[in-house]
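# A structural walkthrough
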Amino acid sequence: MARKKDADRSVREKPAYPPGTEAEGSTRAVVIVPVLTRQPRGDEDTNRPRLTRSAEARHDEAVGLAQAIDLDPIHTAVVTVNDPRPATLLGSGKVAEFAEIVKEGRAELVIVDHPLTPVQQRNLEKELNAKVLDRTGLILEIFGERARTKEGTLQVDLAHLNYQKGRLVRSWTHLERQRGGAGFLGGPGETQIESDRRALQDKIKKLKHELETVRRTRDLHRAKRKKVPFPVVAIVGYTNAGKSTLFNRLTGAGVLAEDMLFATLDPTLRRVRLPHGTPVILSDTVGFISDLPTHLIAAFRATLEEVVEADLVIHLRDISDPDTAAQAEDVERILADLGVDAGDTKRVIEVWNKIDRLDEGNRARLLADGIDGNKAPPIAISAATGKGIDVLKAIIETRVSGELETLTVTLKPEQLGLVDWLYRNGDVVSRTDNEDGGVTVALKATQSAHEEIESRLRRKNNG
């Protein structure tokens, strides 16, 4: 009920830091979270209404995004917008109110957690006398700061240029100039904005060409992996769901894993061997977020193809977050855009993370009854503490290699070289040394391992 009251207020203020603890040297920012009163449209393909995110959750996420690039939110507010204004989105009274807050707080930047048109962005900058970033621009800034690989930098640059293309009139200070005609051409000449727009388009074409090269390289790597067919398991989820922590837990890798939005941007792949010897390629991907800019989805297509091509997709949810259902819906929508059906239980495993953050009562209720009427998934885990990880590994291995089978293998003396392989790729139950020098091994193994054993025995016999 408290959240509903907050959403109904015209402005709800919340200090981002306790008094006296403001981040030193950071850019001072005002964070505005507009809440439109009209309900979002449902999915056209299912006619299912979209879940409405709470004002509190949207506020906290916006502040988290600002803090992700070390901004100092000196003032934050949730604003109910009954009638969005084409010129400024917010009403004139609210714009004047925030202009005073910006002036008194000496803020250099205003974050509006909503998509803004170029006109709205330009008008707000004039009225507030500060630089304005909308949600798309802020996410682009975060991605630009986090990109580490050449591929990641190319993808962010392309997304940023596509975003900037419609905002030249705001962002470039010299656009009022004209380049005069010369000789027989005459006329007033080409405006600077037209020249810059053309130069921008040339840069976009160049980046697209470079990214196409990256895509072809990825295709070659993927083709090589298929020649030595290791199943690919991709971890996807809302940003800060714990994907990198789970990736590190499963692989022992040292991927950056912090409690912040978009801690990981560049994809990481590692080979890992599951409990019964099945080797898989595990892929950690960029986190998803609600209203993910279309520029980013298009630019990161090369990276996200790892998800499209994956044999198994782990949809990781932060089950401790009050808005976990809305976050899951956002992830499922992006997966659908990529051509991955989140409802395909053979290919997609839904995993609930951070159960260690729930008290005993809520944890027991959740695991018994599920959430939002859905029964609990096959596994609930804590990637931080390791709880449930062994069960998750077993489920992954079953999905990619089939159920465990109990089999007995008798090896002749000349086949004893296979004993080590059996121990590495199966769960040996017993071993009996035979009088002829051979051995009989009883073990549990996956269907794929069973097929490989038979293939190796045939090659030994033929040899």
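It should be emphasised that the depicted structure is a prediction, and the values quoted were computed from it without experimental measurement. (Residues numbered from 1 in each chain as written. Predicted model: local features only at pLDDT ≥ 70, side-chain atom pairs only at ≥ 80, totals over all residues. Heavy atoms only, no water.)

## Remarks on the overall build of the chain
- When you go through the chain residue by residue, the secondary structure sums to 16 helices and 16 strands.
- A buried classification covers 49% of the 463 residues belonging to the chain.
- Relative to all contacts within the chain whose residues are 6 or more apart in sequence, the contacts with residues 24 or more apart total 69%.
- About 23300 Å² of surface is accessible on the chain, with carbon and sulfur atoms providing 49% of the total. (Helix = DSSP H or I, 4+ residues; strand = E, 2+ residues; numbered from the N terminus. Buried < 20%, exposed > 50% of the residue type's maximum accessible area, 1.4 Å probe, protein only. Contact = heavy atoms within 4.5 Å. Areas by Shrake-Rupley, 256 points an atom, 1.4 Å probe, with all protein chains shown as cover.)

## Some points on the sheet that holds strand β11 (residues 312–318)
- Spatial ordering of the open sheet is given by β9-β10-β8-β11-β12-β13, a layout of six strands whose pairing is mixed. Of all the strands in the sheet, the pair left with one neighbour each is β9 (268–273) and β13 (379–380).
- Sheet analysis places strand β12 (residues 348–353) next to β13, joined by two bridges and oriented parallel. By the bridge assignment, Trp352 is partnered in β13 with Ala380.
- Seen against the sheet, helix α9 (residues 243–251) touches β8 (232–237), β9, β10 (279–284) and β11 and runs at an angle of roughly 155° to β10. (Pairing = 2+ DSSP bridges. Axes fitted to C-alpha atoms, helices over the stretch in contact; angles between N-to-C directions.)

## A few points about the confidence of the model for the chain
- Here the chain averages 78 in pLDDT, and 76% of its residues register 70 or above.
- When the criterion is pLDDT under 50, residues 1–12 qualifies, and its contacts beyond four places in sequence or with other chains add up to 26 contacts.
- Confidence drops under a pLDDT of 50 for residues 42–47, and excluding neighbours within four residues, the segment shows six contacts in the predicted structure. (pLDDT = per-residue confidence, 0-100.)

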